[in-house]
Amino acid sequence: MIKKYLELYKLLLRQNIKMKLEFRTDFYISSLALIIVNVFSCFSTLILFSQTKKIGDFDKNQIFFLYALYLIIISPQ
């Protein structure tokens, strides 16, 4: 059952990349911008947690885990 969904996800991801590669320059610029945004987001989180150990009940590792999960969820877009 899971294998079926993974194959479907792989197919949709491949089609999404083909669609975005139709305009190569736009694809490369948006990919670079996405990488820069993610690097600065991680960097700002590190700066924030250099000043404090926890925010509410969350520590640095939990925040990075939630951020990675968020990136996985929005990746097919």
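The structure displayed is predicted, hence computed values, not measured ones. (Residues numbered from 1 in each chain as written. Predicted model: local features only at pLDDT ≥ 70, side-chain atom pairs only at ≥ 80, totals over all residues. Heavy atoms only, no water.)

### Topic: the packing of helix 2 (residues 24-51) against helix 3 (residues 60-74)
The condition that has to hold: For helices, the fitted axis covers only the stretch in contact; all axes are lines through C-alpha atoms, and the angles between them, taken along N-to-C directions, range from 0 to 180 degrees. Only DSSP runs of H or I reaching four residues or more are called helices, and only runs of E reaching two or more are called strands; each is numbered from the N terminus. Angle categories are assigned with fixed cut-offs, so that under 35 degrees is roughly parallel, over 145 is roughly antiparallel, 65 to 115 is roughly perpendicular, and the rest are oblique. It is the rotation of the near helix from the far one that decides the hand of a crossing: anticlockwise by less than a right angle makes it left-handed, clockwise makes it right-handed. We call two residues in contact when some of their heavy atoms are within 4.5 Å. Each residue is assigned to one class: nonpolar for Ala, Val, Leu, Ile, Met, Phe, Trp, Tyr, Cys and Pro, charged for Asp, Glu, Lys and Arg, and polar for all the others, Gly among them.
Contact geometry of helix 2 with helix 3 gives a least axis separation of 11 Å together with a crossing angle of 160°. Judged on the interaxial angle alone, helix 3 and helix 2 are roughly antiparallel. Handedness of the crossing formed by helix 2 with helix 3: right-handed. Listed contacts from helix 3 to N38, S41, C42, T45, L46 and F49 of helix 2 are K60, I63, F64, Y67 and L71. Along the lines of polarity and charge, the residues of the contact of helix 2 with helix 3 split into seven nonpolar, three polar and one charged.

### Considerations on a nonpolar patch on the surface
Using the following cut-off: Residues qualify for a patch when their relative accessible area is over 30% and they have no salt bridge, like charges being joined within 9 Å and the nonpolar side chains of Val, Leu, Ile, Met, Phe, Trp and Tyr within 5 Å. Exposure was quantified through the Shrake-Rupley algorithm and a 1.4 Å probe, taking into account, for residues, occlusion by the shown protein chains and nothing else. Throughout this description, the term salt bridge denotes a Lys or Arg side-chain nitrogen within 4 Å of a carboxyl oxygen of Asp or Glu. Buried residues are those whose accessible area, probed at 1.4 Å on protein chains only, stays under 20% of the maximum for their type, while exposed residues exceed 50% and partly exposed ones sit between those limits.
There is a patch of nonpolar side chains on the surface, built from M1, Y5, L8, L11 and L12 and spanning about 560 Å² of accessible area. In this structure M1 comes out as exposed when scored by relative accessible area, which is 71%.

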